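# What the coordinates show
This is what each chain is made of:
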Amino acid sequence: QVQVVESGGGLVMPGGSLSLSCAASGNINRLNTMGWFRQAPEKQRELVATITSGGMTNYADSAKGRFTISRDNAKNTAYLQMDSLKPEDTAVYYCHIEGYNSGLSWFDYWGQGTQVTVSS
């Protein structure tokens, strides 16, 4: 079993900042790509940012220049630093991980999501 726990969501004013954390634990031999996705009410889940085990990042256009994804491989944890937040960033943010367990079988998991609300 693998557990994925997000934290750091909350209410922030427009222009403010928020930091999200995604901690993975359990039967993990190696994590490959980790990523953040978000889903607003009545909208499809969309990619925000991803980061490979080697540190290569990919951002949605809406996140470029404002969000920064990072990771701590020793802690199996990914982070999303969100700056200059806008009301349209309001959504449930989900962490996605993929990797290999001790038997070298591939897996992927989603976290439960953390609510981010940007409002004055």
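Just above sits the structure.
Residues numbered from 1 in each chain as written. Predicted model: local features only at pLDDT ≥ 70, side-chain atom pairs only at ≥ 80, totals over all residues. Heavy atoms only, no water.

The number of helices and strands found in the protein is 0 helices and 11 strands. Starting at the N terminus and walking to the C terminus, you meet the elements of the protein as β-β-β-β-β-β-β-β-β-β-β. Here the protein has a C-alpha radius of gyration of 14 Å; the compact-globule value for 120 residues is 14 Å, and the two agree. Along the longest, intermediate and shortest principal axes, the C-alpha atoms of the protein span 50 × 25 × 20 Å. Looking at the protein residue by residue over its 120 residues, the buried ones come to 41%. Put simply, 55% of the contacts in the protein that link residues at least 6 apart link residues at least 24 apart. If you sum the accessible surface of the protein, you get close to 6,300 Å²; carbon and sulfur atoms cover 48% of it. (Helix = DSSP H or I, 4+ residues; strand = E, 2+ residues; numbered from the N terminus. Rg over C-alpha atoms; globule rule 2.2 N^0.38 Å. Buried < 20%, exposed > 50% of the residue type's maximum accessible area, 1.4 Å probe, protein only. Contact = heavy atoms within 4.5 Å. Areas by Shrake-Rupley, 256 points an atom, 1.4 Å probe, with all protein chains shown as cover.)

Moving on, we come to the nonpolar core. Within the largest apolar cluster, 30 residues are counted, with the highest numbers of intra-cluster contacts made by Trp36, Leu80, Met82, Tyr93 and Ile97. When neighbours within four sequence positions are excluded, tyrosine 93 is seen to be in contact with Glu6, Leu20, Trp36, Phe37, Arg38, Val48, Phe67, Leu80, Met82, Gly113, Thr114 and Val116. (Core = buried A, V, L, I, M, F, W, Y, C linked by side-chain atoms within 4.5 Å.)

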